[in-house]
Structure formats: structure tokens, C-alpha cells
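This is what each chain is made of:
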Amino acid sequence: RALSLPREFTSRQYLAVGYRQGTIQTGVLTASPWSASHHCALTAWEPWLGTPKATSVTRYAFYRGRATGESPRVGTSGEMLNPLMVVNVHAVNFAVGLEAYIEQFVAIGEVIMTHEGPLILAGDFNTWSEDRQQWLTGFMARHRLEAVTFSPDHRTTVFSRPIDHIYTRGLAVTDASVVTVDSSDHNPLLVTVRWRDD
């Protein structure tokens, strides 16, 4: 799928490379109006197809200005807060057992265990079976991540199970919605969050 951003959106883009189809390079891309302080990519492999599954990890430095009640912002001055980590996942899909799926998330877990600040973990988790969803729910609980809920829930499903998810830690979700589209095989998830100080 090609990704296009609105013309007025000036972004810094961080790509984790997936498989190549002819001259088209696929992967997962995290776009932001701010520059990331760190970026890395993780690669897992589909056991049957031998194709890569990408995960992009970005960190953003946030500062709170000296004015009372001022919201956190990206910048270089003021009180430095714990950075925000954003993990963008395309999970292993074509595997009967859980071994390759778990292996991918164990690698992600090793990265997020080192992060103490707020966290967004989102993407196509390919949770098309009860076993996958149960294992993922346990993984998120171990890392203190909470699922974002959607109502009405128009997320893309496989075998009647939603496969796209957003999980957060250290952030308050103020709005969440799903946009129904026919331009992609996944409906976009839109979430608004705010910094949580507790």
C-alpha cells in the first residue's frame, strides 16, 4: 500500500523496512511533525514465506515550559520529561503456532523494558485467533500497557477478530475512533492522547 500524507503536513518519517515487491519497498512508517531523538528498526520473519516483518521504534524528547500548567511539548528548553516512545508493529501473520509470533514480541519487549516514559504501541497485530489475542493480552499486562477501546468498533477483522490495536502507557486517551475506508485493507485508527502526570 502506498502512503500519502496531506500536503500541508511537514513530517519527519522513520521507516522500518519490510519486504520488497518489485521496485516497491514496503515496511512500517512512523511520521511526525517532530524529529525523533532516537530511531531503530526490528525485523522478524514469516516462517512459511521467509519475508520480513518490520517494527519501527522512535523516541521523542519532551519538555515542559516554565509557565504554570503549560503542556509538554517537543523542544530544547524547559524541564525535560521522560521521552515518549512510539512502537509501530506489523506482526507475524502466516504461522500456525505461536513460536514466531512470541519471538517477535519478546524482542519488542526487550526494547520497551528499557523505557520508563510514556509509550504508544500500535499497528497490525494479526490477532486472528484466540490464542494470539490471549498471549498478546498477557504481554501487554506484563508491560503495563492498556488497550485503547473503540465505540463503535469498525476495526478490520479476520475470522471476526480485530487485528489492529493501539496500547498506551503513561498517557490519557481523550478520543478514539475508527475511519471506515475502501482505499486500504485496514481501517485507520485515530486516537488523541494527553500527557498523564500520575
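Here, the structure is the one placed above.
Residue numbering note: each chain is counted from 1, following its sequence as written. Selection of residues for local features in this predicted model requires a pLDDT of at least 70, selection of side-chain atom pairs for listing and counting requires 80 or more, and totals for whole chains, interfaces and linings are taken over all residues. Based on all heavy atoms of the structure, the side-chain values leave hydrogens and waters out of the count.

Peer 1: I tried to follow the overall build of the protein chain on my own but got confused; where do I start?
Peer 2: Helix numbers and strand numbers start at the N terminus; a helix is a DSSP run of H or I with at least 4 residues, a strand a run of E with at least 2. What the protein chain contains, in helices and strands, is two helices and 15 strands. For every residue, the accessible area obtained with a 1.4 Å probe (protein chains only) is divided by the maximum for its type, and the residue is called buried under 20%, exposed over 50%, and partly exposed between those limits. For the protein chain, with 198 residues in total, the buried portion stands at 43%. Whether two residues touch is decided by their heavy atoms; if any such pair falls within 4.5 Å, the residues are in contact. Considering only contacts within the protein chain whose residues lie at least 6 apart along the sequence, 58% involve residues at least 24 apart. In these tables, accessible area is a Shrake-Rupley quantity obtained with a 1.4 Å probe, and a residue counts as shielded only by the protein chains included in the view. Summed over all atoms, the accessible surface of the protein chain reaches about 11500 Å², with 52% contributed by carbon and sulfur.

Peer 1: Looking at this model, I keep getting lost on the nonpolar core. Mind explaining?
Peer 2: A general feature of soluble globular proteins is that nonpolar side chains tend to end up buried together. Buried residues of nine kinds, namely Ala, Val, Leu, Ile, Met, Phe, Trp, Tyr and Cys, make up a nonpolar core once their side-chain atoms join them within 4.5 Å. Ranked by size, the top nonpolar core spans 19 residues in total, and within it V87, F105, I112, L121, F125 and M140 carry the most contacts. Where this core is concerned, the elements lending two or more residues are β8 (84-90), α1 (99-112), β9 (119-124) and α2 (130-142). The leading source of residues in this core is α1, at five residues. Among the nonpolar cores identified, the runner-up in size contains 17 residues, and A122, V148, I166 and A176 belong to it.

Peer 1: Just to check I follow, could you spell out unusual backbone geometry for this structure?
Peer 2: Trans peptide bonds make up the majority, and among non-glycine residues the majority have a negative phi. In this structure, the amide linkage connecting S151 to the following residue, P152, adopts the cis form with an omega of 0°. Counting through the fold element by element, P152 comes out in the loop between β10 (146-147) and β11 (157-158). Phi at N126 takes a positive value of approximately 50°, unusual for a residue other than glycine. Within the secondary structure layout, N126 lies in the loop between β9 and α2. At S160, a position not held by glycine, the phi torsion is positive, near 65°. Note that S160 resides in the loop between β11 and β12 (161-162).

Peer 1: How should I be thinking about the packing of α1 against α2 in this particular structure?
Peer 2: If you want to describe how two helices pack, look at the angle between their axes and the distance between the axes. Two elements in contact, α1 and α2, have axes whose closest approach is 12 Å; the angle formed by their N-to-C orientations is 15°. Relative to α2, the element α1 lies roughly parallel. Both α1 and α2 take part in a crossing whose hand is right-handed. Across the interface between the two elements, Y101, I102, F105, G109 and I112 of α1 pack against R132, W135, L136 and F139 of α2. Here the nonpolar group is Ala, Val, Leu, Ile, Met, Phe, Trp, Tyr, Cys and Pro; Asp, Glu, Lys and Arg are the charged ones; every other residue, Gly included, is treated as polar. Split by residue class, the contact of α1 with α2 holds seven nonpolar, one polar and one charged. Lines fitted to C-alpha atoms define the axes here, with helix axes fitted over just the stretch in contact, and angles between the N-to-C directions of these axes take values from 0 to 180 degrees. Orientation labels follow simple angle bins: below 35 degrees gives roughly parallel, above 145 gives roughly antiparallel, 65 to 115 gives roughly perpendicular, and whatever is left gives oblique. What makes a crossing left-handed is the near helix being turned counterclockwise from the far one by less than a right angle; a clockwise turn instead makes it right-handed.

Peer 1: What's the story with the sheet that holds strand β4 (residues 52-60) in this structure? I'm lost.
Peer 2: Consider a sheet: its strands pair through backbone hydrogen bonds, and that pairing is either parallel or antiparallel. Taken in spatial order, the six strands make up an open sheet running β3-β4-β8-β9-β13-β10, and their pairing is mixed. Of all strands in the sheet, those with a lone pairing partner are β3 (38-45) and β10, marking the two edges. Across six bridges, the pairing between β4 and β8 is antiparallel. From the neighbouring strand, Y60 faces β8, where its bridge partner is L84. In the packing of α1 onto the sheet, contacts are made with β3, β4, β8, β9 and β13 (164-169), and the angle to β8 comes to roughly 170°. Across the face of the sheet, α2 comes into contact with β9 and β13 while running at roughly 15° to β13. What makes two strands pair is DSSP finding at least two bridges between them.

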